[in-house]
Amino acid sequence: MCDKKQSDLDLWVADFAKKRKISKYQLVHTGNASKGDGYLGVVTFVNVLAENGELYNLVIKSAKKGKELRKQTPIQEVFLREMFIYSKVLPSFQDFQLEHAVNTPFENFAKCYTVCREIEREALILQNLKPLNYEVYDRKKPQNLDHALVVFKGYGKFHALSLALKKQKPALYEDLTRGMSDLMAQFLVQAHMEAGFSQDMLEALDMVRKDDEKSYRKLELLQLDAVEKYIYKIEKPDDGLSVILHGDCWNNNMMFTYGNSANASKSKPTDVKFLDFQLSSVGSPIYDLSYYLYAVADEKLLKYHDLLLQAYHHSLTSFLEKFHETSYNIALEDIRRHWKEFGKFGLLLAPTIIRIELSETEEVVDLAERAESGNIADAFSGAKIKNRAEFEERVKAVFKHFASLL
């Protein structure tokens, strides 16, 4: 049981130090994440200097405590889900790779040192990637092809681990995925946000109608029961192409590095780390890929959609070979087919996520404040933003792209 006389920060760091057998240390609070970087949590940066001179750069991700926010959102559940991913799923993936002596393993995530599961003190103590030259891409700017290629290839390796483990250690895979309910759907239902997402979909379709009648005619059937049809993930597609998902794939949940050189170009990353596994669940890999691409792309990047699918397919299948796993026989056409079927998920999320990404700091919603003043049902949908023109161009590009696939 946690000592109520200790501050939360002191408690979490003390637990970290105890587990690493650090008896004496200095704690320095170095800052907090910007507004909009955590809707259900608070992100705090600290340095811990051990007596032996070893320095630990840490990120403490803690759950917000507001009673109204906790009534309207599944805060505890999403924090426990992320703890499960870091304590069970990712270690299982690492062990599996070691067993197969994989020389280029999937390591695209931060280390998790310890967690606190106590109610209203939920927290994860994570590695701070900034000192390792990783950074979050500017959310207001669309990502380019080089960024998207690194992400699609990273997801290829991540998803391949699920497929290989499912075939070779089915009992373990079943144990890891048994309780992985769809927390994003639960969030939207509990917060009563379905109507807002449907309204955003209708608004996007109206933008397309005014701009491209042909595309609109292909898309107009999406108006009917959009949220109910597309927001709930299908855990087990008929063809068995189902994986453990990252789950929350917008711009701020990944960090890029551009090499160690001070002159390294910020247009061509060399690696990516995925953050925030709170909404991790199970389903078609396209749930991750479509969420990501439609959240970060402009018209220029969307022209490379099939090239990205090819890069993903090559990464997926070549990584499966590391485990001598050839039984799936996944073709590129299978990935394309999945996009047409499950890419509607990313399409539905796109208007809301793009609006969030293009919001100025003063326009960012504080969910805790909104919950205390009433409800958060319309917290993200329909809000007016200064970058309206770019918002409309990005949304139209995404919807017209999906129409081109139909």
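Residues numbered from 1 in each chain as written. Predicted model: local features only at pLDDT ≥ 70, side-chain atom pairs only at ≥ 80, totals over all residues. Heavy atoms only, no water.

1. Quick look at the sheet that holds strand β8 (residues 254-257)
- A sheet is described by the order of its strands in space; here three strands give the open sequence β6-β8-β9, paired in antiparallel fashion. Every other strand in the sheet has two partners, leaving β6 (134-135) and β9 (271-274) as the edge strands with one partner each.
- Strand direction decides the pairing type here: β8 and β9, joined by four bridges, are antiparallel. Considered in β9, the bridge of Met255 is made with Lys273. (Pairing = 2+ DSSP bridges. Helix = DSSP H or I, 4+ residues; strand = E, 2+ residues; numbered from the N terminus.)

2. Some details on helix α3 (residues 75-99)
- Here α3 spans 35 Å end to end across 25 residues, near enough to the 36 Å set by a 1.5 Å rise per residue.
- At Ile85, α3 shows its maximal bend, which comes to roughly 40 degrees. (Expected span 1.5 Å × (residues − 1). Bend = angle between axes of the 7 residues up to and from the residue.)

3. Let's talk about the nonpolar core
- Tyr155, Tyr292, Trp339, Leu367 and Phe399 are the most contacted members of the largest nonpolar core, which has 123 residues in total.
- Discounting residues that sit within four places of it in the chain, Leu367 has contacts with Tyr39, Leu40, Leu69, Phe187, Ile376, Ala379 and Phe380.
- Counting residues in hydrophobic clusters, the runner-up holds 15 residues, among them Trp12, Val48, Ala123 and Ile125. (Core = buried A, V, L, I, M, F, W, Y, C linked by side-chain atoms within 4.5 Å. Buried < 20%, exposed > 50% of the residue type's maximum accessible area, 1.4 Å probe, protein only. Contact = heavy atoms within 4.5 Å.)

4. Describing the pattern of salt bridges
- In total, this model carries 30 salt bridges according to the counting rule given.
- For Asp8, the salt bridge identified is with Lys65, shortest N-O distance 2.5 Å. With a gap of 57 residues between them, Asp8 in helix α1 (residues 8-19) and Lys65 in the loop between β3 (55-63) and α2 (67-72) connect regions that are remote in the sequence.
- What makes Asp8 buried here is its relative accessible area of 16%.
- Note that Arg388 is salt-bridged to Glu203, the shortest N-O span being 2.6 Å. Remark: Glu203 occurs in helix α7 (residues 194-211) and Arg388 occurs in helix α16 (residues 388-405); sequence separation between them is 185 residues. (Salt bridge = Lys/Arg side-chain N within 4 Å of Asp/Glu carboxyl O.)

5. A look at the sheet that holds strand β5 (residues 123-127)
- Read from one edge of the open sheet, five strands run β1-β2-β3-β5-β4, paired in antiparallel fashion. A strand with exactly one partner marks an edge of an open sheet, and here the two such strands are β1 (25-32) and β4 (112-116). Mean inter-strand twist for the sheet, computed between neighbouring axes without regard to direction, equals 25 degrees.
- Direction of pairing for β4 relative to β5: antiparallel, over a ladder of four bridges. Counterpart to Cys116 in the pairing with β5 is Ala123.
- Strands β1, β2 (41-50), β3, β4 and β5 of the sheet are contacted by α1, whose axis makes an angle of about 130 degrees with β4.
- Seen against the sheet, α3 touches β2, β3, β4 and β5 and runs at an angle of roughly 40 degrees to β5. (Axes fitted to C-alpha atoms, helices over the stretch in contact; angles between N-to-C directions.)

6. A few points about the pairing of β8
- Residues Met254 and Phe256 line one face of β8 and the alternating positions Met255 and Thr257 line the opposite face, and both faces are buried.
- As defined by bridge partners, β6 adjoins β8 across two bridges and the pair is classed as antiparallel. Paired with Tyr134 across the two strands is Thr257, which belongs to β8.

7. Some remarks on the packing of aromatic side chains
- On inspection of all chains with the given rule, the structure shows 16 aromatic pairs.
- Ring centres 6.3 Å apart and planes at 70 degrees place the aromatic pair Tyr291 and Phe345 in the edge-to-face group. A residue pair is termed long-range when its members are at least 10 positions apart, and Tyr291 in helix α10 (residues 286-296) and Phe345 in helix α14 (residues 344-358) qualify at 54 residues. The pair formed by Tyr291 and Phe345 is uniform in burial state, with each residue classed as buried.
- An aromatic cluster is present here, built from Tyr86, Phe93, Phe106, Phe109, Phe158 and Phe277 joined pairwise through their rings. (Phe/Tyr/Trp six-rings, centres within 6.5 Å; stacked < 30°, edge-to-face > 60°.)

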